Amino acid sequence: MHRPTPSADLRHRTVEGPAGRLHLVEQGTGPLVLLVHGFPESWYSWRHQLPALAAAGYRAVALDVRGYGRSSKPAATDAYRMLDLVADNLAVVRALGEERAVIVGHDWGSNIAATSALLHPEVFRAVALLSVPYAPPGGPRPSEVFAQMGGDQEFYVSYFQEPGRAEAEIEPDVRGWLAGFYAALSADTMPGRDEPDPHFVARSGGRLRDRFPAGRLPGWLTEDDLDVYAGEFERTGLTGALNRYRSMDRDWADLAPYGGAPITQPSLFIGGTLDASTTWMADAIAAYPTTLPGLTASHLLDGCGHWIQQERPEEVNRLLTSWLAALQH
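What counts, and at which threshold
Residues numbered from 1 in each chain as written. Predicted model: local features only at pLDDT ≥ 70, side-chain atom pairs only at ≥ 80, totals over all residues. Heavy atoms only, no water. pLDDT = per-residue confidence, 0-100. Contact = heavy atoms within 4.5 Å. Axes fitted to C-alpha atoms, helices over the stretch in contact; angles between N-to-C directions. Helix = DSSP H or I, 4+ residues; strand = E, 2+ residues; numbered from the N terminus. Parallel < 35°, antiparallel > 145°, perpendicular 65-115°, else oblique. Nonpolar A, V, L, I, M, F, W, Y, C, P; charged D, E, K, R; others polar. Buried < 20%, exposed > 50% of the residue type's maximum accessible area, 1.4 Å probe, protein only. Polar contact = N/O pair within 3.5 Å; in protein donor to acceptor, adjacent residues only side chain to side chain. 1 Å grid on protein atoms, 1.4 Å probe; cavity = no way out; pocket = protein on both sides within 12 Å on 5 of 7 lines; lining within 4 Å. Points joined across faces, edges and corners; volume = space filled by probe spheres on them.

### Quick notes on the confidence of the model for the chain
If pLDDT is low for a region, its predicted coordinates should not be looked at in detail. When pLDDT is averaged along the chain, the result is 95; 97% of the residues meet or exceed 70. Every residue in residues 1–6 is under pLDDT 50, and counting partners more than four places away or in other chains gives ten contacts.

Rendered as C-alpha cells:
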C-alpha cells in the first residue's frame, strides 16, 4: 500500500502557453498524468489526487486552466474556445519535456480532456473523464438547445452565456456564492427533489443563488478549502471562467469536422448517481460502446454528487490508479 506523500512535496511552476502563463502544480515522477479542472475550481480540486498518483509512481500535474488562478486571462471571449484550451494542454506536455501523457478531466475539464484526446491521439494516449460524459461533436447549435430548456425558467448555461450577468451576481460575494454553488451540487447538501432545481433561474429577475442551500458546507469542503477557492476568484474575477460557456457556439463550429467522431484510446468514466450530468446525459453513457470503443470501465458511484474527486477521493484514487496500472506505459 502506497502512502500519499505530503502536500509539502507539491511543486508550483509556470510554463509558457499560447496565450501567456500557465500555472502548474506537480508531484511525483514517472509517466505524465495531466489533470484538468472544471468550473468554478482550480488546480486545487485535484489536491487529493496529486499525492495518490505520485505515490503510485506517476508524474501528476494539475494546471490552472486559462482564465483561472495564476494562469493568464486573455481579454477576448473567443480566447477561451476549446481549440485554444487543447493547445494549452499540448504546450504543457511539451514544456514538461514529455511527448505523451494520460489526460484526466472533471466537469468542463472532462470536455477539454476528451477534445484533447480526440484531436491529438498521438500525444494523449489515454483519457479519464469525471462527472461529464463524452458526447461527440455535432448536433444542433448549443445556444439554441439551452434556450429551449426549462420552459418558464432559464437554464444556467444560458444565464452564464450573457456577458456580465453572472458576474454581477457572483462578484459582490464570491465566497458566499461559491459555498452555495458547491453545496447545491453536492450529495449531502443538494436540494431535495421537491425543491426548486438550482440548475435553473427564474426568468423575471431571478438569480442562481436564490435556489442554493444556505447555512452549511458540504462534507468535502472545509472553511480553509473554501478560502482557497474564494481567494483565487476574488483576485481574478469570474469572467475568464465564464467565457468557457460563452465560447460553446464557437466550439460547435470549430469541431464540426469531427462530428460523431469516437475517441479510440483507452478511456475511463467515473460519475455520480446524484449528479445531473450523468442523468441528463444518460444517453451519452449508453452510447459509449460506439463513442468510446477503448473504454476500460464506466463507474457510477452511488450517492455521489458532482464534485466527485473531492466527495469520494479514496474511491476515485483507487479507480484511477488501478486503471493507470493496467495501461501500458
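### Focus on the packing of helix α2 (residues 82–95) against helix α3 (residues 108–119)
Remark: α2 packs on α3, axes separated minimally by 9 Å, with the N-to-C direction vectors making an angle of 75°. For the element pair α2 / α3, the angle class is roughly perpendicular. In this structure, α2 uses Met-82, Leu-83, Leu-85, Val-86 and Asn-89 to contact α3, whose residues at the interface are Trp-108, Asn-111, Ile-112, Thr-115, Ser-116 and Leu-119. Looking at the contact of α2 with α3 residue by residue, the classes come out as seven nonpolar, four polar and no charged.

### Describing helix α7 (residues 174–184)
Among the eleven residues that make up α7, nine are buried, leaving the element largely enclosed by the rest of the structure. Those residues of α7 that fall on the buried side of the exposure criterion are Val-174, Trp-177, Leu-178, Ala-179, Gly-180, Phe-181, Tyr-182, Ala-183 and Ala-184. Packing partners of the buried residues in α7 comprise α5 (156–161), α6 (165–170) and α8 (223–236).

### What to know about the side chain of His-23
Among the structural elements, His-23 can be located in strand β2 (residues 20–27). His-23 gets classed as buried once you look at its relative accessible area, which sits at 1%. Here the side chain of His-23 touches Asp-64 through a polar contact of 2.8 Å, side chain to side chain. In contact with His-23, not counting residues within four places along its chain, are His-12, Arg-13, Thr-14, Trp-43, Ala-62, Leu-63, Asp-64, Arg-70 and Ser-71.

### Details of empty space enclosed by the protein
This model, assessed by the stated rule, comprises two cavities of 30 Å³ or more. Taken as a whole, the largest cavity holds about 70 Å³ of empty space. Along the lines of polarity and charge, the residues of the lining of the largest cavity split into six nonpolar, three polar and two charged. In this model, the second largest cavity occupies a volume close to 30 Å³. Residue lining of the second largest cavity: Val-36, Leu-63, Val-65, Arg-66, Leu-85, Asp-88, Asn-89 and Ile-112, and that is the complete set.

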